[in-house]
Amino acid sequence: MAAVLALLRRDTAPKDVRKSALDQLPRYLFGYIALALLRAAGDRLVGTSALWQDAIAAADKHAQQEPENPEPFHDRARAHALLNQHAEAVADYQRALELDKTEQVLQDWEVDDGLFSTLIAWAQAETDEAQQLRILKRYAELIPGGRHLREAEEWALRFRGLLKTTFVKPRD
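Keep in mind it's a predicted model, so treat the numbers as computed, not measured.

Draft legend 1. Just a nonpolar patch on the surface, in detail. Together, Leu157, Leu162 and Leu163 make up an exposed nonpolar region whose accessible area comes to about 260 Å². Following the sequence through the fold, Leu163 ends up in the segment after helix 9 (149-159). Assessed through its relative accessible area of 32%, Leu163 is described here as partly exposed.

So, in structure tokens, the structure goes:
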């Protein structure tokens, strides 16, 4: 596995070698580390979009085999988000959250951060302020005690034009 990951990080490895290295990854290796590594290497890989489509297909199959397991829905949500398929990603995050109430296998912070980031990206892609605010409101609806509630309020002000976006985040 270390050799495969090393190939993914090398800028000098030929594209076909990197693709071959990806083919060696186990089919259901869609944990946080694997997706983070693929995302980081994404710009250097050929057919990155195809990789996320493959991830979605694998998560679909996994979800069919284990429909009460929240993990494939979470995995698929992250892949959809990376493809900017925001509505699909949010639907999968919602399903993962519902299933994880019983299963308790997902990292709460990871789902929380992923959902919030997806909703922000989706809202930013919209041009209508009312639609942006509707999308953003989903965060509090899906995770009422979420870690990003204050940030969601700040984003609502940004979308309304009442808060300037700064590139340097002030320290508390």
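Draft legend 2. Structural view of unusual backbone geometry. Backbone geometry at Asn84 places phi at a positive 60 degrees, although glycine is not the residue there. Residue position: Asn84 is located in the loop between helix 5 (71-82) and helix 6 (86-103).

Draft legend 3. The nonpolar core, seen in detail. By size, the foremost hydrophobic cluster in this structure holds 25 residues, and its most contacted members are Leu115, Phe116, Leu119, Leu136 and Tyr139. Contributing elements (two or more residues each) for this core: helix 5, helix 6, helix 7 (108-125), helix 8 (129-142) and helix 9. The biggest single contributor to this core is helix 7, with 7 residues. Beyond its immediate sequence surroundings of up to four residues, Leu136 is in contact with Phe116, Ile120, Ala152, Trp155, Ala156 and Phe159. Within the second largest apolar cluster, 5 residues are counted, among which are Trp52, Ala55, Ala79 and Leu83.

Draft legend 4. The arrangement of the side chain of Asp100 in detail. Counting through the fold element by element, Asp100 comes out in helix 6. Within the buried core, Asp100 has no salt-bridge partner, and the shortest N-O distance to an opposite charge, that of Lys101, equals 10 Å. Excluding residues that lie within four positions of it along the chain, Asp100 makes contacts with Pro70, Val105, Leu106 and Asp108.

Draft legend 5. Spatial organisation of helix 7. Under the 1.5 Å per step criterion, the end-to-end length of helix 7 is 26 Å for 18 residues, consistent within 8% with the ideal 26 Å. Of the residues making up helix 7, those classed as buried are Glu110, Val111, Asp112, Gly114, Leu115, Phe116, Thr118, Leu119, Ile120, Trp122 and Ala123.

Parameters and conventions
Residues numbered from 1 in each chain as written. Predicted model: local features only at pLDDT ≥ 70, side-chain atom pairs only at ≥ 80, totals over all residues. Heavy atoms only, no water. Patch = residues over 30% accessible without salt bridge, like charges linked within 9 Å, V, L, I, M, F, W, Y side chains within 5 Å. Areas by Shrake-Rupley, 256 points an atom, 1.4 Å probe, with all protein chains shown as cover. Salt bridge = Lys/Arg side-chain N within 4 Å of Asp/Glu carboxyl O. Helix = DSSP H or I, 4+ residues; strand = E, 2+ residues; numbered from the N terminus. Buried < 20%, exposed > 50% of the residue type's maximum accessible area, 1.4 Å probe, protein only. Core = buried A, V, L, I, M, F, W, Y, C linked by side-chain atoms within 4.5 Å. Contact = heavy atoms within 4.5 Å. Lys, Arg positive; Asp, Glu negative; His and termini not counted. Expected span 1.5 Å × (residues − 1).

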